[in-house]
Amino acid sequence: MSENNANQVSSNPLLQRFFDSPAERQNIENGKRIVSAFYQQQVSNQTNLNFFFGRKQRWQELLLWAKGSQDMKQFLNMIDVSDANKAYVNLDTTPQRIAAKFVGTLVESMAKNKTYPQVKAIDDGSMNEKQQRLFDALYRMYDKDLINQLSEEAGVQFEPPNAYVPDDEISAKVYFELEDRLPKEMRFEQMLLNTQNNIKFERVLNRKGIFDLVTLNFEATKIERLAPKSYTVRKCVPTNMVYNFFMNDTGEQEISMIGEFYNLKVKDFREKFGKSESNPSGLTEQQIFELARSSTNKNIGTFSFNWIPQWEYSASNVSRPYDDYSIMVFDCEIDCGEDAYYVQKKDNFGRDIIESKKGVPYQVKQKDGNVVRQEKPDNVEVIKKKRNSWMRGVYAPYGDVMLYWGRPDVIVCPYTSVNKTLSSYTVNIPNNDGDYVPSLFERILEPLKEYSLTKLKRKQLITQVKPSGIRIDIESARNLDLGNGDSIAWEEVVRIYNQTGNEVWSSKGIDPLQPQAPPLSNTVQDNTVQKIAELTNILNAIVAEIRDLIGVPVYRDGSDVGDRTAAKLAEGQNASSYNVTDFILNAHNQVWEETYYKLCLLHWNDIVKEEPESANDMLNTRFDVSIQMKSTEYQKQLMEADIQRWSQVVDAQGNPMLSPKDAMILRDIENPKLQRWYLVSTLEKNKRESEERSARLQEQNAAVQMDSMKAAKEEEFKALEAKMVIDTKSKQFESKEKKEQIFLEKIGEMRKAGITPPPEWVRVETQILQGLLMDASVENRETEMAIEQGIQEAEQEQMAAMQEQQMQGQMQPQEQMM
């Protein structure tokens with residue numbers, strides 16, 4: 001290295017940001033020297049240092065085109081117009097906004113992919129715990145009966161009532177790989193979800209980040225502390241960002257200096273950096289006034305105030321006339337290192353003893369700056385290590401005032417690795433190579449300019465389109481004399497030609513000897529309309545080129561999808577277009593994965609420092625943060641297809657597996673994962689209830705059949721018993737009749753033989769005869785009663801017939817017919 005180069009290196013403050021002690025690093029003068037050099041190198045207009053200056057101008061042009069507010073004056077010279085107000089034809093210079101349409105389509109189509117932060121504990125203890133949870137689930141599956149038996153015998157519940165019991169080993173592995181979460185993992189995921197909701201990620205930051213990547217190929221975020229244990233994420237403005245050179249897409253490992261410019265209102269600036277009881281070293285009111293004046297003048301503004309001493313002594317909450325003016329601030333973070341020295345020596349027992357030293361061991365720095373070295377003992381070894389940490393600097397460049405130099409509000413430490421902290425900024429530049437990388441939108445800037453120029457030319461031609469007309473020969477234009485005192489006026493001749501196409505003229509002119517030409521003739525055909533049609537075709541071709549370059553086919557924005565377009569074709573074209581734009585989503589997810597990882601580190605540090613150690617062993621826990629992305633529209637289509645399919649599947653009783661109530665609940669759930677699990681659990685519940693209902697119905701049918709069979713048996717038994725009684729009584733009656741008949745025959749034979757029957761026989765004979773007479777009397781009485789009842793029924797029918805005849809006699813003939 002030459003002497004000049006060595007002097008340049010030694011004079012570069014950015015290369016001297018590594019100090020020997022913490023005191024030198026905290027010195028605000030050293031910080032001002034470093035931050036001022038960082039600012040000067042990034043905003044300089046020198047040829048080799050104007051990267052950010054040129055990039056900002058380029059980005060501002062892209063942003064104007066992306067929202068359809070580009071300057072149209074740049075195209076006037078191309079159509080031979082020096083000024084639109086001085087054009088010979090009326091010219092509409094309204095900016096075309098086709099670029100805003102394509103950018104909006106890209107942003108909205110990619111913003112529909114809903115993101116979910118996922119946190120995994122990857123340390124050995126957590127992995128062993130997850131493995132043990134898997135083994136416990138398999139144990140509950142294989143020894144379910146034994147566990148229930150032991151629980152019943154002991155009267156103690158050995159397993160939790162809601163413990164997961166898999167159906168098979170594959171299901172268990174899938175569940176614990178995808179769905180199972182440790183309590184600490186769930187805690188960190190919930191923290192990230194709360195942060196997402198607080199910063200309005202889905203509706204605001206998600207779309208803004210994708211917009212920055214599409215139009216500028218750059219996205220940056222910054223973590224800020226709101227309160228103890230409370231953090232938020234802010235999206236940085238890309239045009240205000242500066243950083244050191246790096247080669248990878250993400251600057252997590254390479255960025256050592258990063259900052260941003262922003263303007264603060266004077267009233268906000270006074271509150272943050274003004275002199276007060278809590279900040280006695282802050283700026284005075286006159287210094288703030290001078291900064292506001294210089295910032296306004298540098299930004300080509302008007303600052304028409306003079307300093308009044310009484311403003312210095314006014315209360316901080318008293319308004320001043322310049323409070324709404326702004327002061328430009330350069331806020332940056334710089335990775336500054338310090339050397340950490342240790343002395344290693346052996347004690348009397350031969351053991352190594354390591355002691356930490358504040359400065360350089362065996363070296364004394366005198367007041368004049370000279371370093372005096374001391375002799376180092378032979379049994380002592382000096383160990384030197386580099387300790388890096390980020391420092392924050394807030395600098396007012398237009399007044400050359402250092403507002404703050406010290407530790408940043410947020411210190412992101414990767415667990416116990418205190419020698420290398422991370423910046424609160426997160427940056428991603430897709431396809432970065434260290435130089436300026438054009439964005440996806442910048443690919444179509446050239447055809448967009450061509451489109452604007454073609455549109456202006458078409459507008460110019462439209463204003464020049466002439467109505468169809470005729471050529472009039474003023475030498476022949478005269479009234480026609482018909483020779484009978486009448487004449488046709490010249491205006492009438494033109495009207496006859498316009499309405500009929502017939503040309504009325506006289507071959508005799510003023511001079512009969514001179515040939516006379518017709519006064520009317522057609523003009524040359526105007527081809528302006530054909531040119532306009534050709535320019536319209538050119539515009540359509542340019543739009544097709546833009547769609548091809550930016551990856552927005554007609555199927556993606558739905559601008560020209562025919563009624564008979566096959567759904568599969570549209571879906572395939574739309575999916576293929578993402579091959580052009582997927583790098584945007586990859587970069588966007590990478591930014592937020594790094595941001596969420598830093599939030600987890602901050603949350604982890606708060607827990608370890610402030611909460612007591614628990615069974616979770618948070619001190620030894622290490623996390624891996626990832627982003628799960630699901631397409632909202634695609635997930636809705638899949639879920640709707642599942643709902644329709646399972647709503648048409650019926651169980652054994654003819655009921656649908658998904659009821660209308662279940663379908664409505666499923667459509668209202670936004671989280672696709674919850675939707676899937678609710679669908680599965682609902683189907684299982686409905687299937688289980690259907691099986692239970694079917695079993696219950698079978699039991700009821702069996703019971704009814706048993707009752708029916710029992711009732712039939714009882715009726716059969718009763719009928720058999722009644723038959724037996726009837727048969728017995730019939731046989732007894734027949735036996736009685738037979739005995740009575742035999743008795744009467746015997747007693748009759750005795751009388752015929754002249755033998756007097758015994759008195760007992762006579763009494764029995766008398767009883768038999770009385771019984772026969774009584775039976776005959778009962779039969780006669782029943783016959784008489786039947787006859788009487790028949791006579792009464794006949795009389796009643798006769799009386800009803802007579803009444804009906806009387807009623808018909810009183811009715812009209814038409815009513816009688818009815």
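Residues numbered from 1 in each chain as written. Predicted model: local features only at pLDDT ≥ 70, side-chain atom pairs only at ≥ 80, totals over all residues. Heavy atoms only, no water.

## Some points on the side chain of Gln-70
With respect to the helices, strands and loops of the structure, Gln-70 is situated in the loop between α4 (51-66) and α5 (98-111). Here Gln-70 falls in the buried class, since its relative accessible area comes to 3%. Of note is the side chain of Gln-70, whose polar atom sits 3.0 Å from the backbone oxygen of Gln-96. Sequence-distant contacts of Gln-70, defined by excluding residues within four places in its chain, comprise Leu-64, Trp-65, Pro-95, Gln-96 and Ser-452. (Helix = DSSP H or I, 4+ residues; strand = E, 2+ residues; numbered from the N terminus. Buried < 20%, exposed > 50% of the residue type's maximum accessible area, 1.4 Å probe, protein only. Polar contact = N/O pair within 3.5 Å; in protein donor to acceptor, adjacent residues only side chain to side chain. Contact = heavy atoms within 4.5 Å.)

## Some words on the packing of aromatic side chains
Counted according to the given criterion, the structure contains 24 aromatic pairs. Centre to centre, the rings of Phe-38 and Phe-330 are 5.5 Å apart; their planes meet at 55°, and the pair counts as tilted. In this pair, Phe-38 is assigned in helix α3 (residues 28-43) and Phe-330 in strand β7 (residues 326-346), connecting sequence segments 292 residues apart. Seen in terms of ring centroids, Phe-289 and Phe-303 are 5.3 Å apart; in terms of plane orientation they differ by 65°. Their pairing is edge-to-face. On the criterion of sequence distance, the pair formed by Phe-289 in helix α12 (residues 285-298) and Phe-303 in the loop between α12 and β7 is long-range, its members being 14 residues apart. Taken together, Phe-289, Phe-303, Phe-305, Trp-307, Trp-311, Tyr-322 and Tyr-325 form an aromatic cluster joined through their ring pairs. In this structure, Lys-101 is placed above the aromatic ring of Phe-102, and the distance from its NZ or CZ to the ring centre is 5.5 Å. Above the plane of the ring of Tyr-425 lies Lys-222, whose end atom (NZ or CZ) is 5.2 Å from the centre. (Phe/Tyr/Trp six-rings, centres within 6.5 Å; stacked < 30°, edge-to-face > 60°. Lys NZ or Arg CZ within 6 Å of the ring centre and 35° of its normal.)

## Quick word on the sheet that holds strand β13 (residues 425-428)
Pairing is antiparallel in the open sheet, where three strands are placed in the order β4-β3-β13. The outermost strands of the open sheet, each flanked by one partner alone, are β4 (230-235) and β13. Neighbour to neighbour, the strand axes of the sheet diverge by 20° on average, direction disregarded. Contacts from helix α10 (residues 201-216) reach β3 (219-227), β4 and β13 within the one sheet, and its direction differs from that of β4 by about 35°. (Pairing = 2+ DSSP bridges. Axes fitted to C-alpha atoms, helices over the stretch in contact; angles between N-to-C directions.)

## Looking at the pattern of salt bridges
Tallied over the entire structure, the rule returns 18 salt bridges. Of the charged contacts, one joins Arg-181 and Glu-189 as a salt bridge, the two residues approaching to 2.8 Å between their closest N and O atoms. You can call Glu-189 buried: its relative accessible area is 14%. Where Asp-331 meets Arg-392, a salt bridge forms, and the shortest distance between an N and an O atom there is 2.8 Å. Separated by 61 residues along the polypeptide, Asp-331 in strand β7 and Arg-392 in strand β11 (residues 380-396) bring together distant segments of the chain. (Salt bridge = Lys/Arg side-chain N within 4 Å of Asp/Glu carboxyl O.)

## Quick look at unusual backbone geometry
The backbone phi angle of Lys-200 is positive, close to 55°, even though this residue is not glycine. Positionally, Lys-200 belongs in the loop between α9 (183-198) and α10. Unlike most non-glycine residues, Asn-217 shows phi in positive territory, near 60°. Its location among the elements puts Asn-217 in the loop between α10 and β3. On the basis of relative accessible area, Asn-217 is assigned to the buried category, the value being 2%.

## Here's the deal with a negative patch on the surface
A cluster of acidic residues, Glu-446, Glu-450, Glu-545 and Asp-548, forms a negative patch on the protein surface. If you list the elements that add at least two residues to the negative patch, you get α13 (445-464) and α15 (528-550). (Patch = residues over 30% accessible without salt bridge, like charges linked within 9 Å, V, L, I, M, F, W, Y side chains within 5 Å. Areas by Shrake-Rupley, 256 points an atom, 1.4 Å probe, with all protein chains shown as cover. Lys, Arg positive; Asp, Glu negative; His and termini not counted. Charge placed at Lys NZ, Arg CZ, Asp CG, Glu CD.)

## Overview of the environment of Arg-181
Position of Arg-181 relative to the elements: it lies in the loop between α8 (169-178) and α9. Separated by 51 residues in sequence, Arg-181 and Lys-130 place their C-alpha atoms 8.6 Å apart. Beyond its immediate chain neighbours, meaning those up to four positions away, Arg-181 contacts Gln-118, Val-119, Arg-133, Met-186 and Glu-189. A polar contact of 2.8 Å, which involves the side chain of Arg-181, links it to the side chain of Glu-189.

## Some words on the nonpolar core
Ranked by size, the top nonpolar core spans 72 residues in total, and within it Phe-330 and Phe-441 carry the most contacts. A total of eight residues in this core trace back to one element, the largest contributor, which is α5. In this structure Phe-330 touches Val-35, Phe-38, Tyr-39, Val-242, Gly-259, Glu-260, Phe-261, Gly-393, Val-394, Tyr-395 and Pro-397, once residues within four positions along its chain are discounted. Ranked by size, the runner-up nonpolar core spans 28 residues in total, among them Phe-201, Val-233, Phe-623 and Val-625. (Core = buried A, V, L, I, M, F, W, Y, C linked by side-chain atoms within 4.5 Å.)

## Some words on empty space enclosed by the protein
Summary: where empty space remains is shown by rolling a probe the size of a single water molecule over the atoms. As enumerated under the stated definition, the model contains four cavities of 30 Å³ or more in all. In this structure, the largest cavity occupies an estimated 90 Å³ of space. If you go around the largest cavity, the residues you meet are Gly-251, Glu-252, Ile-255, Ile-258, Trp-390, Leu-422, Ser-423, Tyr-425, Thr-426, Val-427, Glu-594 and Lys-598. For the lining of the largest cavity, the secondary-structure elements that each account for two or more residues are β13 and α17 (567-610). Of the residues in the lining of the largest cavity, the class split is six nonpolar, three polar and three charged. (1 Å grid on protein atoms, 1.4 Å probe; cavity = no way out; pocket = protein on both sides within 12 Å on 5 of 7 lines; lining within 4 Å. Points joined across faces, edges and corners; volume = space filled by probe spheres on them. Nonpolar A, V, L, I, M, F, W, Y, C, P; charged D, E, K, R; others polar.)

## Comments concerning a nonpolar patch on the surface
Together, Ile-170, Val-174 and Leu-178 make up an exposed nonpolar region whose accessible area comes to about 290 Å². Looking at the secondary structure, you find Val-174 in helix α8. Taking relative accessible area as the criterion, Val-174 reaches 41% and is therefore assigned partly exposed.

## Some thoughts on α9
For α9, with 16 residues, the first-to-last C-alpha span of 23 Å sits near the 22 Å given by 1.5 Å per residue. Of all the positions in α9, only Lys-184, Glu-185, Phe-188, Glu-189, Met-191, Leu-192, Thr-195 and Gln-196 are classed as buried. In an axial view of α9, the angular spread of the buried residues amounts to 155°, which keeps them on one side of the axis. Residues of α9 that are exposed and point more than 90 degrees away from the buried face comprise Asn-197 and Asn-198. (Expected span 1.5 Å × (residues − 1). Arc of directions from axis to C-beta.)

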